[in-house]
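A closer look at the structure
As a plain string of letters, each chain reads:
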Amino acid sequence: MKKFIAHQTAGTKAGRKLISNYVGENGCEIIEAVKSITTYLDGKETAKKNKERTFRFALKVKLMFDDKHLALKDVLHIVDPVDHLVGKSVKLLKIKTNSNDDSLALQNSIDRLRYEIVSVVGKYMQEKNKDKLDNLFKYYGSKKFVDAVLLDAKVQPNREKILENLIPLVCKYTPHLCKGLGLQTAESKTKGNDEKKHRVQ
């Protein structure tokens, strides 16, 4: 019943609000930027479909945890691929001029995460939904999409929007990556401000 409700509500205003609360404001801003890039590449219909599927799958995975189908131990092996993708994304988005090799590296990182996530959550989905999730990852990890994000000047505003909203998520959920990426966590910022105040006094 929950799966049916998730399917029916994910594309509605109430469903989007529920999922927005789950992924947060920064997550929603990233999804909107990705939708804009998809519209630029493949039109409004594809962009709308992919956005709704992104929301729908986010809700499905949340329900898998809520219903105890998935536990933390089931996804621990995905931490490394997530860290790799997040770190690679931030590094490349911060660079003003990327290369084809950079694009290929990011494509490979997305594909690795695609395989791991679909393998885990796909066991609790109908085959058609598993295929849709797989295809969603393949779309966002395609040469066409990644090249647009990293190499197309017309996408620059949305690229900057993605980076601007990705950084707070990295600092909040993967603070162990911040030092290597040249980012400051809220804790380090507070510590730095306290040290400044102490020097002034």
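Everything numeric in this text was worked out from a predicted model, so none of it was measured.

**Here we look at the overall build of the protein chain**
A tally of helices and strands in the protein chain yields eleven helices and zero strands. Seen in sequence order, the protein chain has helices and strands lined up from the N terminus as α-α-α-α-α-α-α-α-α-α-α. Every one of the 201 residues in the protein chain was classed for burial, and the buried ones make up 39%. Considering only residue pairs separated by 6 or more positions, the protein chain has 75% of its internal contacts joining residues 24 or more positions apart.

**Details of the packing of helix 5 (residues 79–94) against helix 6 (residues 100–121)**
Close contact between helix 5 and helix 6 brings their axes to 9 Å; oriented N to C, the two are set at 155°. Between helix 5 and helix 6, the interaxial angle falls into the category roughly antiparallel. The crossing of helix 5 and helix 6 is left-handed. Here Asp80, Pro81, Val82, His84, Leu85, Lys88, Ser89 and Leu92 of helix 5 come into contact with helix 6, specifically with Asp102, Ala105, Leu106, Ser109, Ile110, Arg112, Leu113 and Glu116. Residues that form the contact of helix 5 with helix 6 fall into these classes: eight nonpolar, three polar and five charged.

**Some details on the packing of helix 5 against helix 9 (residues 156–173)**
A pair of packed helices is captured by two measures, namely the crossing angle of their axes and the spacing between those axes. Two elements in contact, helix 5 and helix 9, have axes separated by 10 Å at closest approach and are oriented at 140°. With respect to each other, helix 5 and helix 9 are oriented oblique. The chirality of how helix 5 crosses helix 9 is left-handed. Contacts between helix 5 and helix 9 involve Val86, Ser89, Val90, Leu92, Leu93 and Lys94 from the former and Arg159, Ile162, Leu163, Leu166 and Val170 from the latter.

**So, the pattern of salt bridges**
Pairing is possible between side chains that carry opposite charge, provided their charged atoms lie close to one another. Per the stated rule, a full pass over the model turns up nine salt bridges. In this structure, lysine 62 and aspartate 66 form a salt bridge, with 2.9 Å as the shortest nitrogen-oxygen distance. With lysine 62 and aspartate 66 both in helix 3 (residues 44–66) and four residues apart, the pair spans about one turn of that helix. Here aspartate 134 ties to lysine 138 by a salt bridge, and the two come within 3.1 Å at their closest N and O atoms. Placement of the pair is aspartate 134 and lysine 138 together in helix 7 (residues 127–140), with a separation of four residues, close to one helical turn.

Cut-off values and rules
Residues numbered from 1 in each chain as written. Predicted model: local features only at pLDDT ≥ 70, side-chain atom pairs only at ≥ 80, totals over all residues. Heavy atoms only, no water. Helix = DSSP H or I, 4+ residues; strand = E, 2+ residues; numbered from the N terminus. Buried < 20%, exposed > 50% of the residue type's maximum accessible area, 1.4 Å probe, protein only. Contact = heavy atoms within 4.5 Å. Axes fitted to C-alpha atoms, helices over the stretch in contact; angles between N-to-C directions. Parallel < 35°, antiparallel > 145°, perpendicular 65-115°, else oblique. Left-handed = near helix turned anticlockwise from the far one by under 90°. Nonpolar A, V, L, I, M, F, W, Y, C, P; charged D, E, K, R; others polar. Salt bridge = Lys/Arg side-chain N within 4 Å of Asp/Glu carboxyl O.

Interpretation in functional terms is not warranted from these geometric data alone.
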